Amino acid sequence: RVVNLEEAILPVATDKLKETFFFEGRRVCFYGVCMYCKKERAACADNGLMEGSVTLWLPDEWEIVKRRHPYQRTYRPGVSARWEKDDNYCRQYVLHRFHTTGPRLLDITDAAVLDYLIGNADRHHYEALNEEGDKGMLLLMDNGKSFGNAFHDERSILAPITQCCRLRGTTWRRLLELHADKSRSLADKLRVILSIDPISPVLHHTHYTAIDRRFDHILRAVKNCIETEGEETVLRGHNIEQEDDVQEN
């Protein structure tokens, strides 16, 4: 949507956010409040009108915890994270130290499926509802770096899956159902849904092609895990310590 920064944002902005606003002639500029927000990277709007997405705040009574993602990048040129250099990172570090029980690792591999489809390589932290320690529902917030380069598939996004080889059985069966529908691909289904959106067309046609291509990569990655470690090990229930609870007919 198109937002008038002076009329819709500034009057309700926090003091910290207001401090990042400045004017360049008739242009209204701001750079926001975040780890990487800097004045030299400010966003500017002619006559104060800017097109963009709107982020809605969660209810105040929701207690949210923020934790560092085990597959966070270093964001430093020439410096790789441990997981980018060590294919045994998950087995030696993640599985045995942090995610031996509970839903969190499976939440992370579920999120990797979505992030790879949309090309989001910026999942540096994750947020969750603060319930029973680290067992609250994962919230997929901050997807701003999605649908960038439709011609590049960032395979490292799949590292939680390819290194850990763990995925909920329900997720895998849903992926197979989508793949089995030969009448419409995943991208075709998404195209139909987005066609009724008020701001349609939402995506450039090249992104639909990328989604189907990346979907095949995900299927191949999970199949490789199953071939290597077996379904009983790879496919889990809701929590990592639970076996897949599908009932045999």
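These lines cover the structure that appears in this document, whether it is placed above or below. (Residues numbered from 1 in each chain as written. Predicted model: local features only at pLDDT ≥ 70, side-chain atom pairs only at ≥ 80, totals over all residues. Heavy atoms only, no water.)

So, the packing of helix α5 (residues 104-118) against helix α9 (residues 205-229)
For the pair α5 and α9, the least separation of the axes is 8 Å and the interaxial angle reads 145 degrees. Here α5 runs over α9; the crossing is right-handed. Judged by residue contacts, V113, Y116, L117 and I118 of α5 engage I211, R214, F215, H217 and I218 from α9. Classifying every residue of the contact of α5 with α9 by side-chain character gives 7 nonpolar, 1 polar and 1 charged. (Axes fitted to C-alpha atoms, helices over the stretch in contact; angles between N-to-C directions. Helix = DSSP H or I, 4+ residues; strand = E, 2+ residues; numbered from the N terminus. Left-handed = near helix turned anticlockwise from the far one by under 90°. Contact = heavy atoms within 4.5 Å. Nonpolar A, V, L, I, M, F, W, Y, C, P; charged D, E, K, R; others polar.)

A few points about the packing of aromatic side chains
The description of two aromatic rings rests on the distance between their centres and on the angle between their planes. Applying the stated criterion across every chain yields a total of 6 aromatic pairs. The interplanar angle of 80 degrees and the centroid separation of 5.3 Å between the aromatic rings of Y71 and Y89 together place this pair among those described as edge-to-face. Remark: Y89 occurs in helix α4 (residues 89-98) and Y71 occurs in the loop between β6 (64-68) and α3 (82-85); sequence separation between them is 18 residues. Given a relative accessible area of 6%, Y71 falls into the buried group. What links up through ring pairs into an aromatic cluster is the set Y71, W83, Y89 and Y93. If you follow K39 out to its NZ or CZ, it ends over the ring of F22, 4.7 Å from the centre. Sitting over the ring of Y208, R191 keeps its end group 4.1 Å from the ring centre. (Phe/Tyr/Trp six-rings, centres within 6.5 Å; stacked < 30°, edge-to-face > 60°. Buried < 20%, exposed > 50% of the residue type's maximum accessible area, 1.4 Å probe, protein only. Lys NZ or Arg CZ within 6 Å of the ring centre and 35° of its normal.)

Some points on the state of the cysteines
As enumerated under the stated definition, the model contains 4 disulfides in all. One disulfide in the model links C90 with C164; its S-S distance is 1.9 Å. As the torsion about the S-S bond is roughly 110 degrees, the C90-C164 disulfide counts as right-handed. Of this pair, C90 sits in helix α4 while C164 sits in helix α6 (residues 159-164); the two residues are 74 residues apart in sequence, bridging distant segments of the chain. (Disulfide = S-S within 2.5 Å.)

Section: the side chain of H124
Mapped onto the secondary structure, H124 falls in the loop between α5 and β7 (125-129). The contact partners of H124, leaving out residues within four places of it in the chain, are R68, H69, Q72, Y75 and D142.

Regarding the sheet that holds β6
Pairing is antiparallel in the open sheet, where 3 strands are placed in the order β6-β7-β8. In this open sheet, the two strands that pair with only one neighbour each are β6 and β8 (138-139). Of the strand pairs in this sheet, β7 and β8 are connected by 2 bridges, and their pairing is antiparallel. Paired with A128 across the strands is L138, a residue of β8. (Pairing = 2+ DSSP bridges.)

Describing helix α8 (residues 186-194)
Within α8 the residues assigned to the buried category are L186, A187 and L194. Seen along its axis, α8 keeps its buried residues to an arc of 95 degrees; they face one direction. Those residues of α8 hidden inside the fold are in contact with α5, α7 (169-180) and α9. (Arc of directions from axis to C-beta.)

Some words on the environment of R76
Its place among the elements puts R76 in the loop between β6 and α3. Along the sequence, R76 and C37 sit 39 residues apart, while their C-alpha atoms lie 16 Å from each other.

Considering the pairing of strand β2 (residues 21-24)
Note: β2 against strand β3 (residues 27-30), 4 bridges, orientation antiparallel. By the bridge assignment for β3, E24 is matched with R27. The antiparallel hairpin formed by β2 and β3 contains 2 residues in its connecting segment, where G25 sits at a positive phi of about 65 degrees.

Re the sheet that holds strand β4 (residues 43-46)
Adjacent strands of a sheet pair through backbone hydrogen bonds, lying either parallel or antiparallel. As summarised here, the arrangement of the 3 strands in space is β2-β3-β4, forming an open sheet in which the pairing is antiparallel. Of all the strands in the sheet, the pair left with one neighbour each is β2 and β4. Geometrically, the sheet is characterised by an average inter-axis angle of 25 degrees between neighbouring strands, direction not taken into account. Pairing geometry for β3 and β4, over 4 bridges, is antiparallel. Among the inter-strand pairings, C29 is bridged to a residue of β4, identified as C44.

Remarks on α5
Counted at 1.5 Å a residue, the expected span for α5 with its 15 residues is 21 Å, and the 21 Å between its end C-alpha atoms agrees. Note on α5: the residue one or two positions beyond its end, G119, has a positive phi of about 75 degrees. (Expected span 1.5 Å × (residues − 1).)

Function cannot be read off these values alone, since they describe shape.
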